[in-house]
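# Coordinate inspection notes
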Amino acid sequence: MYDLLREYKAAPEIADVKPSAEALAGVKVPFVAQTADGCRIVTEVSPQFVSVIGPHDAKAVIMPVGKFVDEWSGKAISASPTSDSGETNFKSHRFKELSRGIEKWLLVVCVVFLVAVFAVSGHTFGDWSTCAVFVLVQPSAIAGKP
């Protein structure tokens, strides 16, 4: 986690304290906490409750501070953005992502264009059975399904 934060040029802050409610209140939220059953993301801390996500919960779970402190190892990591923070090679990755999306739409447009050209020039759709076969086969062919 520390290496990932450094790669994104965020300023990682690591806490390694004796687990207690006072120590928990001093850690900058949100943070990733090491617990007995894995890492959890702590999204909110109040004097009575802690809101956590993971490792087995998809949504935030509210638990009493005492129960969380019992499970917490005292290790936590949080991060603050810096002026240089961000994804390495973001522009390149974004361009590739947009290119993939454009390729898919361009393929669909080309298929529709070719079908229209063949339909007009070769009277392909002159028979109702040809139209029925085309309607049944084309959606799966465009979606890439056999």
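See the structure printed just above.
Let me sum up the structure you'll find in this document. Keep in mind that this is a model prediction, so the values were computed, not measured.

### Quick look at the overall build of the protein
Of the regular secondary structure elements, the protein holds 5 helices and 6 strands. In sequence order, the secondary structure elements of the protein are arranged as α-β-α-β-β-β-β-α-β-α-α. Split into buried and exposed, the 146 residues of the protein put 19% on the buried side. Put simply, of all contacts in the protein between residues at least 6 apart along the chain, 52% involve residues at least 24 apart. Accessible surface, the protein: about 10,500 Å² in total, of which carbon and sulfur atoms supply 64%.

### What about the side chain of threonine 35?
Note that threonine 35 resides in strand S2 (residues 31-35). With relative accessibility at 7%, the residue threonine 35 sits in the buried group. Within the structure, the side chain of threonine 35 is placed 2.9 Å from the side chain of aspartate 37, a separation counted as a polar contact. Reaching out from threonine 35, the side chain makes a polar contact with the backbone oxygen of glycine 38 at a distance of 2.4 Å.

### Quick look at the pairing of strand S4 (residues 49-53)
For a regular strand, the rule is simple: side chains alternate between the two faces of the sheet. With 4 bridges connecting them, strand S3 (residues 38-45) and S4 associate as antiparallel partners. In the sheet register, glutamate 44 faces S4, and the bridge partner there is serine 51. Hairpin remark: S3 followed by S4, antiparallel, with 3 residues in the connecting loop. As judged from the 4 bridges shared by S4 and strand S5 (residues 61-64), these two strands associate in the antiparallel manner. Residue pairing for S5: valine 50 is matched across the bridge by methionine 63.

### As for the sheet that holds S4
If you trace the 6 strands from one edge of the open sheet to the other, you get S1-S6-S2-S3-S4-S5, paired in antiparallel fashion. Among the strands making up the open sheet, the edge pair consists of strand S1 (11-16) and S5. When the angles between neighbouring strand axes are averaged without regard to direction, this sheet yields 35 degrees. Taken together, the 3 bridges between S2 and strand S6 (residues 72-80) define a ladder with antiparallel strand orientation. Among the inter-strand pairings, threonine 35 is bridged to a residue of S6, identified as tryptophan 72.

### Considerations on the packing of aromatic side chains
All told, the structure shown has 2 aromatic pairs when counted by the stated rule. With a centroid separation of 6.4 Å and 45 degrees between ring planes, the pair formed by phenylalanine 31 and tryptophan 72 is classed as tilted. With phenylalanine 31 in strand S2 and tryptophan 72 in strand S6, the pair connects residues that are 41 residues apart, well separated along the chain. The same class applies to phenylalanine 31 as to tryptophan 72, namely buried. Members of the aromatic cluster, connected to one another through ring pairs, are Phe31, Phe68 and Trp72.

Analysis parameters
- Residues numbered from 1 in each chain as written.
- Predicted model: local features only at pLDDT ≥ 70, side-chain atom pairs only at ≥ 80, totals over all residues.
- Heavy atoms only, no water.
- Helix = DSSP H or I, 4+ residues; strand = E, 2+ residues; numbered from the N terminus.
- Buried < 20%, exposed > 50% of the residue type's maximum accessible area, 1.4 Å probe, protein only.
- Contact = heavy atoms within 4.5 Å.
- Areas by Shrake-Rupley, 256 points an atom, 1.4 Å probe, with all protein chains shown as cover.
- Polar contact = N/O pair within 3.5 Å; in protein donor to acceptor, adjacent residues only side chain to side chain.
- Pairing = 2+ DSSP bridges.
- Axes fitted to C-alpha atoms, helices over the stretch in contact; angles between N-to-C directions.
- Phe/Tyr/Trp six-rings, centres within 6.5 Å; stacked < 30°, edge-to-face > 60°.

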